[in-house]
Amino acid sequence: MPKILSQSQIDQFWREGCVYPVRVMSEADAIEIRNRLERFEAESGGPLKGALRHKSHLLFTWLAELVRNDKIVDAIEDLYGPDLLCWTTNFFIKEAANPAFVSWHQDSTYWGLDRPDVVTAWVALTPSNKSNGAMDYIPGSHTKDQIPHRDTFAKNNLLTRGQEIAVEVDESQARTVDLRPGEISLHHVRLVHGSAPNPTNDRRIGFAIRYVPTSVKQVAGEDSATLVRGTDKFHHFEHEPRPTRDMDPEFLELHRKIADRNAQILYRGTQVKSYDDPKALPDDRAA
Ligand SMILES: O=C(O)CCC(=O)C(=O)O
């Protein structure tokens, strides 16, 4: 018996590679998370930058809570069973009237995980729709194997390497993921997806939480993850602790080590050494 998704949503996930919208909190609660982010940004002098956009659930208590949100984790359990790790998180922030975009890609390309059993819960902290650069995807594309990608390091591309699919994508098939604050979409790691710039006068903010069943392995280096449900009898990942206050110096140090190690996996084969390496600019890169 599924916990939160209907059988038809589960079927849609496996058939199309994407399902939405799933409400996991009220709009007011999502707006409160946005407010917390923006209070931090106001105090720290500007938009969240570089490595702080990745694995931010190790730095902020309200994101540590979000990755453990019962409704989100129930939805993941409906797809991948009861033993679950949050492998990483990434803020996808598109500033108002800004050229930032996400090229067509499959998430699996540089993540180094041994099999494509990874699902993203993309949490909308603002409305996300056709007008402000919502995510588009190609239904059914997750059933293809890994497709070759080329790195572009394009200036306004939010992906780590500006990677894009190296073959033609039939955009006439694309669908747009329309979400209200507090809703999520769930997408498969092999899904072909991307998004256009945000020409509106407000930010578009999504927080992408990547979950794996505990049996998945990292094969490109040492790695860590956060156990969010069940037990881990595999121990393929070092377990991460939960912060009890925001920007705790001990957690900042731990986060820096983990982010540097992850960057070595994601940027392997390039000159880039960390998320804050000037070669990895712009510093709003997300995943
Ligand atoms: O936020 C976006 O527009 C794209 C999100 C994305 O590529 C992802 O979550 O993998």
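Please read these numbers as outputs of a predicted model, since none were measured by experiment.

A.B. asks: For this particular structure, what's the right way to read the site of the ligand?
C.D. replies: Looking at the ligand, there are 13 residues lining it, with D107, W122, H193, S195 and R204 nearest. Contact distances for the ligand include 3.0 Å between an oxygen atom and a side-chain N or O atom of R210. Look at the ligand: alone it shows 290 Å² of surface, and the protein chains cover 100% of it. Mapped by element, the contributors of at least two residues to the shell around the ligand are β2 (84-94), β3 (102-105), β10 (193-195) and β11 (204-213). No other element matches the 3 residues that β11 contributes to the shell around the ligand. Looking at the shell around the ligand residue by residue, the class counts come to 5 nonpolar, 4 polar and 4 charged.

A.B. asks: Please explain the sheet that holds strand β8 (residues 175-176) as it appears in this structure.
C.D. replies: One key point about sheets: their strands pair by backbone hydrogen bonds, in either a parallel or an antiparallel sense. Spatially, the 4 strands line up as an open sheet ordered β3-β10-β5-β8, and their pairing is antiparallel. The sheet is open, and its two borders are formed by β3 and β8, each paired with just one other strand. Pairing of β3 with β10 involves 2 bridges; the strand directions are antiparallel. By the bridge assignment for β10, V102 is matched with S195.

A.B. asks: Hey, could you run me through the packing of helix α1 (residues 7-16) against helix α4 (residues 70-80) in this one?
C.D. replies: When two helices pack together, you describe them by how their axes are tilted relative to each other and by the distance separating the axes. For the pair α1 and α4, interaxial distance at closest approach is 10 Å and the crossing angle is 65 degrees. Pair α1 / α4 crosses with right-handed handedness. Note on element contacts: α4 touches α1 through D78, L79 and Y80, opposite I10, F13 and W14. The class makeup of the residues in the contact of α1 with α4 is 5 nonpolar, no polar and 1 charged.

A.B. asks: When you look at the sheet that holds strand β9 (residues 183-188) in this model, what are you seeing that I'm missing?
C.D. replies: Taken in spatial order, the 7 strands line up as β1-β9-β4-β11-β2-β12-β13 in an open sheet, and their pairing is mixed. At either end of the open sheet lies a strand with only one pairing partner, and these are β1 (18-23) and β13 (238-239). Bridging between strand β4 (residues 119-124) and β9 involves 5 bridges; their strand directions are antiparallel. Paired with V119 across the bridge in β9 is H188. Against the sheet, α1 contacts β1, β4 and β9, and its axis sits at roughly 145 degrees relative to β1.

Rules behind the numbers
- Residues numbered from 1 in each chain as written.
- Predicted model: local features only at pLDDT ≥ 70, side-chain atom pairs only at ≥ 80, totals over all residues.
- Heavy atoms only, no water.
- Near = heavy atom within 4 Å.
- Polar contact = N/O pair within 3.5 Å; in protein donor to acceptor, adjacent residues only side chain to side chain.
- Areas by Shrake-Rupley, 256 points an atom, 1.4 Å probe, with all protein chains shown as cover.
- Helix = DSSP H or I, 4+ residues; strand = E, 2+ residues; numbered from the N terminus.
- Nonpolar A, V, L, I, M, F, W, Y, C, P; charged D, E, K, R; others polar.
- Pairing = 2+ DSSP bridges.
- Axes fitted to C-alpha atoms, helices over the stretch in contact; angles between N-to-C directions.
- Left-handed = near helix turned anticlockwise from the far one by under 90°.
- Contact = heavy atoms within 4.5 Å.

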